[in-house]
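# Observations on the three-dimensional arrangement
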Amino acid sequence: MKKSYDLIVIGSGVGGSSVATACNQKGWSVAIIDDRPFGGTCALRGCDPKKVLHGIVNIYDEYQRIQGKGLTGDLQINWNELMQFKKKFTEPVPENREDSWNEVGIDTYRGKAIFLDENQIQIGEYQLRGTKIVLATGSMPTPLPIYGIEHLSYSDDFLELENLPKTIVFVGGGYISFEFAHMAARAGATVHILHRGDRPLKKFDPDLVDTLLEKSKEIGIQVHLNHAVKGIKKDGENFIVEAEYENKTISFVADKVVHGAGRIPMIDMDLEKGNVQYSKKGIKVNDHLQSPSNPRVYAVGDVLDTEGFPLTPVAGFESGIVVANLQEERSRVIHYPVTPSVVFTVPKLAMIGMSEKEAQNSAKNIEVNHQKLSTWFTYRRTNEKYAEVKVIRDKDTDQILGAHVLGEGADDLINHFTTAIQLGITTEELKQVVYAYPTAASNIEFML
Ligand SMILES: Cc1cc2nc3c(=O)[nH]c(=O)nc-3n(C[C@H](O)[C@H](O)[C@H](O)COP(=O)(O)OP(=O)(O)OC[C@H]3O[C@@H](n4cnc5c(N)ncnc54)[C@H](O)[C@@H]3O)c2cc1C
C-alpha cells in the first residue's frame, strides 16, 4: 500500500517525537515509525526507569548512612516491588503516545523501516513517500567480539528483571554498568564489573572516579580492571565469564551477564538505497543536521555522527534545530552548548566542560580547586563520606573551564556550573549570587 507524507520520522524517542509533533502543529502530514513500543529509549528503557530505581536506592543508601542518628530498624530493597513501581512509569507510555499522536492526525506505524530509494520508506506492507524524512533511530549496544554472545543480557533486560539474580557480571566499566551495579549490590546481589582498561568511567575526573570506586567497594561491588572479557559459556543454570588478566584466564560464575560496554548508532535501514551517507559513528550531516548526500533527509539524537553527546537533552536540542530547518530550509546552524553528564550511582558523579588534563593541555593559565566535602555541613548532616568537587578556572578570564562533582546533590550542582559556563559567568560574579541556605548550592562560593 502506498501513502505520501510531508514528513516521515523514523524513531519515536525524544528526538523523533519532538520533530513529529512540531511539524504536525504547523499543519504538515506526518508519519512516525518505530520497531519497538512508542516512546523510545529514555522513557521506556533508559533515563526515566533508571531514575525511578535510582531514587529508591538513593533513599536506601541515605538510610544506611544515618541509621542510629534518629532512625532505627531494618530497611530492605524489595526488587520485585521496585520493578512494579517502575512499570507504573513505563507501561502507560506507548499507548498514551500513540493515542495522543493519532488524536492530532499523526499516523503511527510499528515495524522496521528501511529505505527503498531517496524518498521512499518501506514499513511492512506500506511504501511511504516523504517530502522530508527525519532519522531518529537512536543507538544500540556495541557488538562485542567475544564467544557466547547469546548468553549476554542488555540494559533493556536488566530494567525488566522481575527478580534480582544472585550474582551479576557487568561487561565494561561505563556509566550503565556502574549505575546498575550500584542498584543491584544494594538490593543484595553479588556484583562484578569487568573492565578491560585501567580506568573505568573514562570521561569523568579520575580522582573523583577513584573516590567512587572506594564507595563501590564499600557496598560490595568488585571492580576488576584490566580484565578483557573473552567469552561466556553456559554451565547448567550458570554462566561462566572468561576474562584475560595478565595473560591468564580468570573465570567468573554468574547468574546474569549484562552488557555495559557502550553503544553505537543504529544505522541498519538500507541507507545506501536512500543515498544517505554514514560511517560507523553515525549518520553524516552538515551544520543544519541535514544529509549532504540526500538533502531531504535530516537526523537527530544518538544516531548522529556529530560532537553532540548521546544524551536525552542533546537529542531534544538537536530536534529544535531540525524543526527550524525543516520549516525554513537552512535557517539554523547547530552550535552545541556545553553539556553536563551524570552517572546516577549513589553518590552521583557529574561533570561539565573540560577535564583537568584537557585544561592543562590547553595552554590556558589554569587553577584547579579540588576539595573533599565530607566535613562540610551539607555532607556531614547525611554522613556522606564520599563527596568531592574539582573546579577548574581560567585565571586570566576568571571563567570556569570545567567542574566535577561527586555527592548526593551532584546532579543539581552541575547544572549551576553549566549555567555559569554556558553564560560565561565569572567566579567573582557567581560568588555574588545568594542561594537559599542550607542547600548544596549555597556551598558553591566555597568551591570556586
Ligand atoms: C540504560 C540507559 C540509560 C540512560 N540514561 C540516560 C540519562 O540518565 N540521561 C540522559 O540524558 N541520557 C541517558 N541515556 C541516553 C538516552 O536514552 C538517549 O540519548 C536518548 O534516548 C536518545 O534519543 P533518540 O531520540 O536519539 O533515540 P531513541 O530514544 O533510542 O529512539 C530511537 C527509536 O528508533 C527505533 N528504531 C531504530 N531503528 C529503527 C528502524 N529502522 N525502524 C523503526 N524504528 C527504528 C528504536 O527501536 C527506538 O525506539 C540512557 C540510555 C540507556 C540505554
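This write-up is about the structure you can find in this document. Just so it is clear, the structure is predicted and the values come from calculations on it, not from any experiment.

About the thresholds
Residues numbered from 1 in each chain as written. Predicted model: local features only at pLDDT ≥ 70, side-chain atom pairs only at ≥ 80, totals over all residues. Heavy atoms only, no water. Salt bridge = Lys/Arg side-chain N within 4 Å of Asp/Glu carboxyl O. Helix = DSSP H or I, 4+ residues; strand = E, 2+ residues; numbered from the N terminus. Buried < 20%, exposed > 50% of the residue type's maximum accessible area, 1.4 Å probe, protein only. Polar contact = N/O pair within 3.5 Å; in protein donor to acceptor, adjacent residues only side chain to side chain. Contact = heavy atoms within 4.5 Å. Core = buried A, V, L, I, M, F, W, Y, C linked by side-chain atoms within 4.5 Å. Near = heavy atom within 4 Å. Areas by Shrake-Rupley, 256 points an atom, 1.4 Å probe, with all protein chains shown as cover. Nonpolar A, V, L, I, M, F, W, Y, C, P; charged D, E, K, R; others polar. Pairing = 2+ DSSP bridges. Axes fitted to C-alpha atoms, helices over the stretch in contact; angles between N-to-C directions.

This paragraph deals with the pattern of salt bridges. The final tally for this structure, using the stated rule, is 27 salt bridges. The salt bridge partner of Arg186 is Asp61, with a shortest N-O separation of 2.9 Å. A residue pair is termed long-range when its members are at least 10 positions apart, and Arg186 in helix α7 (residues 175–186) and Asp61 in helix α3 (residues 47–66) qualify at 125 residues. What makes Asp61 buried here is its relative accessible area of 4%. Ionic pairing is found between Glu218 and Lys385, a salt bridge with its closest N-O pair at 2.8 Å. Residue Glu218 is located in helix α8 (residues 206–218), and its partner Lys385 is located in the loop between α11 (377–380) and β22 (388–394); the two are separated by 167 residues in the primary sequence. Of the residues examined, Lys385 reaches a relative accessible area of 52% and is grouped as exposed. Three or more residues are tied together by salt bridges with common partners; here these are Asp61, Arg65, Arg186, Lys215 and Glu408.

Our focus in this paragraph is the side chain of Lys50. Structurally, Lys50 is set in helix α3. Here Glu179 takes part through its side chain, which lies 3.0 Å from a polar atom of the side chain of Lys50. Sequence-distant contacts of Lys50, that is, excluding residues within four places in its chain, are made with Leu159, Tyr175, Glu179, Phe180, Met183 and Phe344.

A separate point is the nonpolar core. Membership of the largest hydrophobic core comes to 46 residues, with the highest contact counts inside it found for Leu7, Val19, Ile33, Val134, Leu135, Ile283 and Leu326. Those elements giving two or more residues to this core turn out to be β1 (2–10), α1 (14–25), β2 (30–34), β4 (113–117), β5 (120–123), β6 (126–135), β18 (297–299) and α9 (312–327). Ignoring any residue separated from it by four or fewer positions in sequence, one finds Ile283 in contact with Leu135, Ile267, Met269, Leu271, Val276, Gln277, Tyr278, Ala299, Val303, Leu304 and Asp305. Counting residues in each nonpolar core, the second largest holds 36 residues, with Tyr60, Phe170, Ala184 and Val343 among its members.

The environment of the ligand is formed by 34 residues, the closest being Asp35, Thr41, Lys50, Ala113 and Asp302. Residue Gly15 places a main-chain N or O atom 2.9 Å away from an oxygen atom belonging to the ligand. Relative to its unbound accessible area of 1000 Å², the ligand is 95% covered by the protein chains. Broken down by secondary-structure element, the contributors of at least two residues to the shell around the ligand are α1, α2 (40–45), α3, α7 and α9. Counting residues per element, the shell around the ligand draws most heavily on α2, at four residues. For the shell around the ligand, a count of residues per class yields 14 nonpolar, 12 polar and eight charged.

The next point concerns the sheet that holds strand β19 (residues 341–343). Strands sit in the order β19-β20-β23-β22-β21 across an open sheet of five strands; the sheet is antiparallel. The outermost strands of the open sheet, each flanked by one partner alone, are β19 and β21 (366–372). The average undirected angle you get between the axes of adjacent strands in this sheet is 10°. Note that β19 and strand β20 (residues 348–353) share three bridges and pair antiparallel.

Interpretation note: all reported values are geometric properties and have no functional meaning in isolation.
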